[in-house]
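Structure assessment
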Amino acid sequence: MNYANIKDFDVADGPGVRVSLFVSGCRHHCEECFNPMTWDFGYGQPFTEETEDEIIHSLAPDYIQGFSLLGGEPFEPENQPVLAKLLKRIKETYPDKDIWCYTGYTYETDLLGQYGDGESSISSTGVTARTEFTDEMLSYIDCLVDGEFILAEKDATLLFRGSSNQRLIGLNGYKVPEERKRDHEIKHFDGVNIKTRTSM
């Protein structure tokens with residue numbers, strides 16, 4: 001597996017301050033994807049034991065709330081063996097830190113199998129996302145953000161996601177954050193009366 005980037009101080013892809021890994025390889029090819037270079041499975045650099053050690057070390061400070069896994073597509077079948085091992089090590093090392101994962105696949109149909117019965121189903125990308133590693137990955141993930149980014153449903157007011165079809169799904173008893181209030185519901189601070197050039 002290759003990866004595109006590791007962020008040691010990420011505040012955009014989950015609550016609090018996080019360490020984030022952007023893996024390479026994605027078959028969704030969403031219109032206006034914010035990371036199109038990661039569609040290529042060969043983009044970036046190889047994920048090695050040293051890379052894994054770097055992530056574990058970066059997660060150590062108390063101010064780091066958790067780990068976020070993005071891409072690219074973490075649940076591409078080619079990426080799952082490496083990521084299952086990584087997520088297991090993170091959970092064993094830092095059981096109190098949460099793990100968020102972003103996927104273009106749909107939880108019930110693509111990852112659990114059609115109707116959640118565990119059977120494999122072909123996704124819209126033409127591959128079966130469910131593998132022998134899928135359940136293990138899901139067992140370590142606290143919040144799954146699922147669904148492809150759909151440009152026609154783009155909504156910049158949503159919490160930690162880009163389009164209204166995408167969902168924050170709490171797994172393994174995890175309570176997802178409440179949706180942030182819409183702008184008109186927020187009481188704004190009026191600020192102070194500062195003279196401008198035109199009022200001087």
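What this report covers is the structure whose coordinates are included nearby. No experiment lies behind these values; they were computed from the predicted model shown.

Before going further, it helps to examine unusual backbone geometry. The omega angle of the peptide bond from G71 to G72 is 5 degrees, so this bond is cis rather than trans. Note that G72 resides in the loop between strand 4 (64–70) and helix 2 (80–93). Phi at N172 is positive, roughly 55 degrees, even though this residue is not glycine. Of note, N172 is situated in the segment after strand 7 (167–170).

A word on the side chain of K97. Looking at where K97 falls in the secondary structure, it is placed in the loop between helix 2 and strand 5 (98–102). Buried within the structure, K97 lacks any salt-bridge partner; its nearest side chain of opposite charge belongs to D62, at an N-O separation of 5.5 Å. Engagement of the side chain of K97 in a polar contact is seen with the backbone oxygen of P61, the distance being 3.0 Å. With sequence-adjacent residues up to four places away left out, K97 is seen in contact with L59, A60, P61, D62, I64, Q65, G66, K91 and D142.

Time to look at the packing of helix 1 (residues 49–58) against helix 2. Between helix 1 and helix 2, whose axes approach to 11 Å, the crossing angle comes to 30 degrees. When you trace helix 1 past helix 2, the crossing you get is right-handed. Contacts between helix 1 and helix 2 pair E49, E52, D53, I55 and I56 from the former with K85, L86, R89, I90 and T93 from the latter. For the contact of helix 1 with helix 2, the residue count by class is four nonpolar, one polar and five charged.

Basis of the calculations
Residues numbered from 1 in each chain as written. Predicted model: local features only at pLDDT ≥ 70, side-chain atom pairs only at ≥ 80, totals over all residues. Heavy atoms only, no water. Helix = DSSP H or I, 4+ residues; strand = E, 2+ residues; numbered from the N terminus. Buried < 20%, exposed > 50% of the residue type's maximum accessible area, 1.4 Å probe, protein only. Lys, Arg positive; Asp, Glu negative; His and termini not counted. Salt bridge = Lys/Arg side-chain N within 4 Å of Asp/Glu carboxyl O. Polar contact = N/O pair within 3.5 Å; in protein donor to acceptor, adjacent residues only side chain to side chain. Contact = heavy atoms within 4.5 Å. Axes fitted to C-alpha atoms, helices over the stretch in contact; angles between N-to-C directions. Left-handed = near helix turned anticlockwise from the far one by under 90°. Nonpolar A, V, L, I, M, F, W, Y, C, P; charged D, E, K, R; others polar.

What is shown is where atoms sit, not what they do.
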